[in-house]
Amino acid sequence: MRCFVRPFLVLAVTGLLLLGWAGQEFRLFERGWFNLKAWWQPAEQSIGLDRYRVVVEAQPVEGLDDDISALTYDPDRKSLFTVTNARSELIELSLDGRILRRIPLTGFGDPEAVEYVGPNSYVITDERQQRLIRVRLDDDTPFLDAGDAEQLTLGIGLNGNKGFEGLAYDSAGKRLFVAKERDPMLIYEVHGFPHDNPEQPYAVHVVQDRKRDSRLFVRDLSSLQFDERSGHLLALSDESRLVLELDVEGRPLSTLSLRKGFQGLQATVPQAEGIAMDEAGTIYLVSEPNLFYVFKQPAE
């Protein structure tokens, strides 16, 4: 009997240790508590990500074979923009996922995110060097050279290929949200960049909300989206297959699952890299290497 009990105890302890590690690594306890709380007391002011359903699923972006990364919505052009880093390009997409325009990028290093910040104005990140590069794009711009652009290098906790992965912009609050992918996973708020008049001196402040970041029960950050209507921030996680809605205090409110069987998906989104939202609340999403998705809320 004693010989039987001892291996059983070893297996039981090992199982508990593995369970604890998995719970910590995959944030299972925080996510479980959130799901229980959401079921018991639904958030009244949330966007309601759980109500979204996929209407365009895994549609290949024809003519694009490179790794697609990031996504932003341009309300002036009524189109989307993304970047590729295998062959550095800024690419304009229609709202149904067709390529409208390709602009070569020079001197951008490892472009990983792009964000609309005003008419004809965008910020592109260089992930490895943690550079924020503001560019101007006109209808006849043939290419973009980082050497001609306004730049800001933060260099906070440099960590190779785990750098600046996502951007979001609050036009009213003049805040640029910058997501560090992981190790550690953080969201910075940059005030003072981009600047309305780059030729004049200005101050840049970088703010970190550690309480908000500690509430992120996801494994990594791939992209961000700021909803101007509610003031809420959407955080996309590739490894957790999840979009998380955060309120103005940084508290999780609702989630959109990217796994098979949820939100009407026939298959799990393989590697979600970018998220964008238009003024109607439609969510657009891209996944490497070249897949395009659209999610909408059912009509009332």
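Throughout what follows, the structure given in this document is the object of discussion. Every chain is numbered independently, its residues counted from 1 as its sequence is written. The model is predicted, so local features are restricted to residues of pLDDT at least 70 and side-chain atom pairs to those at 80 or more, both for listing and for counting; the totals for chains, interfaces and linings are taken over all residues. Heavy atoms throughout the structure, all of them, feed into the side-chain values; hydrogens and water do not.

1. Observations regarding the sheet that holds strand β14 (residues 205–208)
The strands that make up a sheet pair up through hydrogen bonds in the backbone, lying either parallel or antiparallel. We apply this condition: Two strands qualify as a pair provided that DSSP identifies no fewer than 2 bridges between them. Helical segments are the DSSP runs of H or I of at least four residues, strand segments are the runs of E of at least two, and each set is numbered from the N terminus. Lines are fitted to the C-alpha atoms to define the axes, a helix being fitted only along its stretch in contact, and any angle between axes, read from their N-to-C directions, falls within 0 to 180 degrees.
Taken together, four strands build an open sheet; the order of strands is β11-β12-β13-β14 and the sheet is antiparallel. Sheet topology places β11 (164–170) and β14 at the edges, where each strand pairs with a single neighbour. On average, each strand axis in the sheet is tilted by 25° relative to the strand beside it, whichever way the strands run.

2. As for unusual backbone geometry
Phi is mostly negative for residues that are not glycine, and the peptide bonds are mostly trans. The criterion, for reference: Here's how the labels work: a residue is buried when its accessible area is under 20% of the maximum for its type, exposed when over 50%, partly exposed in between, all with a 1.4 Å probe on protein chains only.
Cis rather than trans, the peptide bond between Asp 183 and Pro 184 has omega equal to -5°. With respect to the helices, strands and loops of the structure, Pro 184 is situated in the loop between β12 (175–180) and β13 (186–191). Cis geometry marks the peptide bond from Glu 288 to Pro 289, where omega comes out at 0°. With respect to the helices and strands, Pro 289 occurs in the loop between β20 (283–287) and β21 (291–296). Non-glycine residue Lys 78 carries a positive phi angle of around 55°. Position of Lys 78 relative to the elements: it lies in the loop between β2 (68–74) and β3 (79–84). By relative accessible area, Lys 78 is classed as partly exposed at 44%.

3. A look at the pairing of β13
Burial analysis of β13 places five of its six residues in the buried class, which makes it a mostly covered element. Looking at chain direction, β12 and β13 are connected through six bridges and run antiparallel. By the bridge assignment, Arg 175 is partnered in β13 with His 191. Counted between consecutive antiparallel strands, the loop separating β12 from β13 contains five residues, among which Asp 183 sits at a positive phi close to 55°. Here β13 runs beside β14; their pairing, made up of four bridges, is antiparallel. Paired with Val 190 across the bridge in β14 is Val 206.

4. Section: the nonpolar core
Using the following cut-off: Note on terminology: a nonpolar core comprises buried Ala, Val, Leu, Ile, Met, Phe, Trp, Tyr and Cys residues joined through side-chain atoms within 4.5 Å. Only heavy atoms matter for contacts: two residues are in contact if any of them lie within 4.5 Å across the pair.
The biggest cluster of nonpolar side chains holds 32 residues, and the ones touching the most others in it are Leu 90, Phe 108, Leu 132, Val 135, Leu 176, Val 178 and Val 190. Of all the elements in the fold, those that place two or more residues in this core are β3, β5 (99–106), β6 (111–118), β7 (121–126), β8 (131–136), β11, β12 and β13. Among the elements that make up this core, the one with the highest residue count is β6 (four residues). Sequence-distant contacts of Leu 176, defined by excluding residues within four places in its chain, comprise Val 117, Val 123, Leu 132, Leu 167, Ala 168, Tyr 169, Tyr 188, Glu 189, Val 190 and Phe 193. In this structure, Tyr 52, Leu 234, Leu 265 and Leu 291 belong to the second largest nonpolar core, which totals 19 residues.

5. Quick look at the sheet that holds β8
Read from one edge to the other, the open sheet built from four strands follows the order β6-β7-β8-β10, with strand pairing classed as antiparallel. Here the strands that pair on one side only, and so sit at the sheet edges, are β6 and β10 (150–153). This sheet shows a mean twist of 20° between the axes of neighbouring strands, independent of strand direction. Examined bridge by bridge, β8 and β10 share four bridges and lie antiparallel to one another. Bridging across to β10, Leu 132 finds its partner in Leu 152.

6. With respect to the side chain of Asp 247
Quick reminder of the rule: What qualifies as a polar contact is a pair of N or O atoms within 3.5 Å, subject to a donor-acceptor requirement within protein and to the restriction that residues adjacent in sequence count only when both atoms come from side chains.
Position of Asp 247 among the secondary structure elements: in the loop between β17 (242–246) and β18 (252–257). A relative accessible area of 10% places Asp 247 in the buried class. At 2.8 Å, the side chain of Asp 247 forms a polar contact with the backbone nitrogen of Glu 249.

7. As for the packing of aromatic side chains
Formally: For Phe, Tyr and Trp, rings pair up if their centres lie within 6.5 Å, where Trp contributes its six-membered ring, and each pair is then called stacked (planes under 30 degrees apart), edge-to-face (over 60) or tilted (otherwise).
Taken as a whole and assessed by the stated rule, the structure comprises six aromatic pairs. Consider the rings of Phe 164 and Tyr 188, whose centres lie 6.3 Å apart with planes at 65°: the pair is edge-to-face. Residue Phe 164 is located in strand β11, and its partner Tyr 188 is located in strand β13; the two are separated by 24 residues in the primary sequence. The exposure classification of Phe 164 matches that of Tyr 188, with both residues buried. Judged by centre distance (5.7 Å) and plane angle (15°), the ring pair of Phe 177 and Phe 226 falls under stacked. One end of the pair, Phe 177, is in strand β12; the other, Phe 226, is in strand β15 (residues 223–227), and 49 residues separate them in sequence. For Phe 177, a relative accessible area of 3% translates into the label buried. The structure contains a cluster of three or more aromatic residues connected by ring pairs, namely Phe 81, Tyr 116 and Tyr 122.

Keep in mind these numbers describe shape, not what the thing actually does.
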